[in-house]
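As a plain string of letters, each chain reads:
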Amino acid sequence: MSSGADPGGGDGIGAFALGPGEPAAGPWTARPVAGVARELLELARARRAGQVGRVAGPVVIAVDGRSAGGKTTLAGRVADAVGRSAVVHADDLAWHEPMFGWAHVERALLEAVRAGGPVRLRPPAWAERGREGAIELPEDLDLVVIEGVGSAQREVADLLDAVVWVQSDDTEAERRGIARDIASGENGDVEETIAFWHAWMAHEREHLRADRPWERADVVVAGTPPIPLADGELAVAPPLRPPHPALPPQP
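Below, the structure is looked at part by part. Predicted, not measured: the structure shown is a model, and the values here were computed from it.

### Concerning a nonpolar patch on the surface
Taken together, Ile182, Val190 and Ile194 make up a surface patch of nonpolar side chains, about 210 Å² in accessible area. Since its relative accessible area comes to 33%, Ile182 is described here as partly exposed.

Okay, here's the thing in structure tokens:
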């Protein structure tokens, strides 16, 4: 996917503080949300068309990135730009599953989506713990966006049509995340919330260091924009895929 970067684009407002192993993206370019969404949809459809065997359901795009980095907001903006779309939150897939041990739930959802028709998935932990309802997707969607840390994990990569990595400043994401969780009260009082955040981040950093989802992303979007943006724009950078290994020397 093209970033549309100007030759002189680049450093932006400032450098990000990044997690272990994550390379800095760039150059950053301001792009309209609708244009980015359209290109992602076209890329996903082209890949789907090239697959062996018929896949009936909507294309699936994963939006992965660090906690409180802007994934949910981006997923909603992409879905709104496409229309006939739905967003699935990894928090629902991972609910009361082991830390980053919920690939089986995501695979079950993705397989149901690719089969076509309406989807109704009731994850095992929901039934075991008495959570009501199910993850439901209507028929005739054009796009399903799965957003959340781990949504593009390696174990489900074969069932995804495109991947977005949301790169964000670690310090700003932590500030956002702790403030959000304190406001919700879901993890206890202020001290308990801060302790939970740091415990969670230890697991998240280890997962991302090992899984390296940014290497499978088709485009990078800034969750904490490093360049000035107008309304309706995203800061976009080329993929962070690793270079191909060097060819061995010829005799």
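### Describing the pattern of salt bridges
Taken as a whole, this structure holds 20 salt bridges when the rule is applied. Asp142 serves as the salt-bridge partner of Arg45, at 3.9 Å between the closest nitrogen and oxygen. Here Arg45, found in helix α1 (residues 33–49), pairs with Asp142, found in the loop between β5 (135–137) and β6 (143–147); they are 97 residues apart in sequence, far enough to count as distant. Between Glu215 and Arg212 there is a salt bridge, and its shortest N-O distance comes to 2.6 Å. With relative accessibility at 23%, the residue Glu215 sits in the partly exposed group. Because the salt bridges share partners, they merge into one network encompassing Arg45, Arg84 and Asp142.

### A look at the environment of Asp169
Residue position: Asp169 is located in the loop between β7 (162–167) and α6 (170–184). Between the alpha carbons of Asp169 and Val60 there is a distance of 26 Å; along the sequence they are 109 residues apart. Beyond its immediate sequence surroundings of up to four residues, Asp169 is in contact with Ala15, Phe16, Ala17 and Thr224. Of note is the side chain of Asp169, whose polar atom sits 2.9 Å from the backbone nitrogen of Glu172.

### Examining the pairing of strand β3 (residues 85–89)
Of the two faces of β3, only one is covered, namely that formed by Ala86 and Val88; the face formed by Ser85, Val87 and His89 stays uncovered. Both β3 and β6 contribute to a ladder of five bridges, which runs parallel. Within β6, the position partnered with Val88 by the bridge is Ile146.

### A closer look at the packing of α1 against helix α2 (residues 71–82)
For the pair α1 and α2, interaxial distance at closest approach is 9 Å and the crossing angle is 80°. For the element pair α1 / α2, the angle class is roughly perpendicular. Between α1, through Val33, Ala34, Ala37 and Leu41, and α2, the contact on the second element is made entirely by Arg77, Val78, Ala81 and Val82. In the contact of α1 with α2, the residues fall into seven nonpolar, no polar and one charged.

### Thoughts on the environment of Trp102
Here Trp102 lies in the loop between α3 (90–93) and α4 (103–115). If near-sequence neighbours (up to four positions away) are discounted, Trp102 is found in contact with Ala90, Leu93, Ala94, Glu97, Val149, Gly150, Ser151 and Gln153.

### Notes on the packing of aromatic side chains
Enumeration over the complete set of coordinates arrives at three aromatic pairs. On the numbers, 5.3 Å between centres and 35° between planes, the contact of Phe100 with Trp200 is tilted. Taken as a pair, Phe100 in the loop between α3 and α4 and Trp200 in helix α7 (residues 190–211) lie far apart in primary sequence, 100 residues in all. The exposure class assigned to Trp200 is partly exposed, which follows from its relative accessible area of 22%. Ring geometry for Trp165 against Trp214: centres 5.3 Å apart, planes inclined by 70°, an arrangement best described as edge-to-face. Note that Trp165 is positioned in strand β7 and Trp214 in the loop between α7 and β8 (219–222), a separation of 49 residues in sequence. Each of the two residues, Trp165 as well as Trp214, counts as buried.

So, how was this worked out
- Residues numbered from 1 in each chain as written.
- Predicted model: local features only at pLDDT ≥ 70, side-chain atom pairs only at ≥ 80, totals over all residues.
- Heavy atoms only, no water.
- Patch = residues over 30% accessible without salt bridge, like charges linked within 9 Å, V, L, I, M, F, W, Y side chains within 5 Å.
- Areas by Shrake-Rupley, 256 points an atom, 1.4 Å probe, with all protein chains shown as cover.
- Salt bridge = Lys/Arg side-chain N within 4 Å of Asp/Glu carboxyl O.
- Buried < 20%, exposed > 50% of the residue type's maximum accessible area, 1.4 Å probe, protein only.
- Helix = DSSP H or I, 4+ residues; strand = E, 2+ residues; numbered from the N terminus.
- Contact = heavy atoms within 4.5 Å.
- Polar contact = N/O pair within 3.5 Å; in protein donor to acceptor, adjacent residues only side chain to side chain.
- Pairing = 2+ DSSP bridges.
- Axes fitted to C-alpha atoms, helices over the stretch in contact; angles between N-to-C directions.
- Parallel < 35°, antiparallel > 145°, perpendicular 65-115°, else oblique.
- Nonpolar A, V, L, I, M, F, W, Y, C, P; charged D, E, K, R; others polar.
- Phe/Tyr/Trp six-rings, centres within 6.5 Å; stacked < 30°, edge-to-face > 60°.

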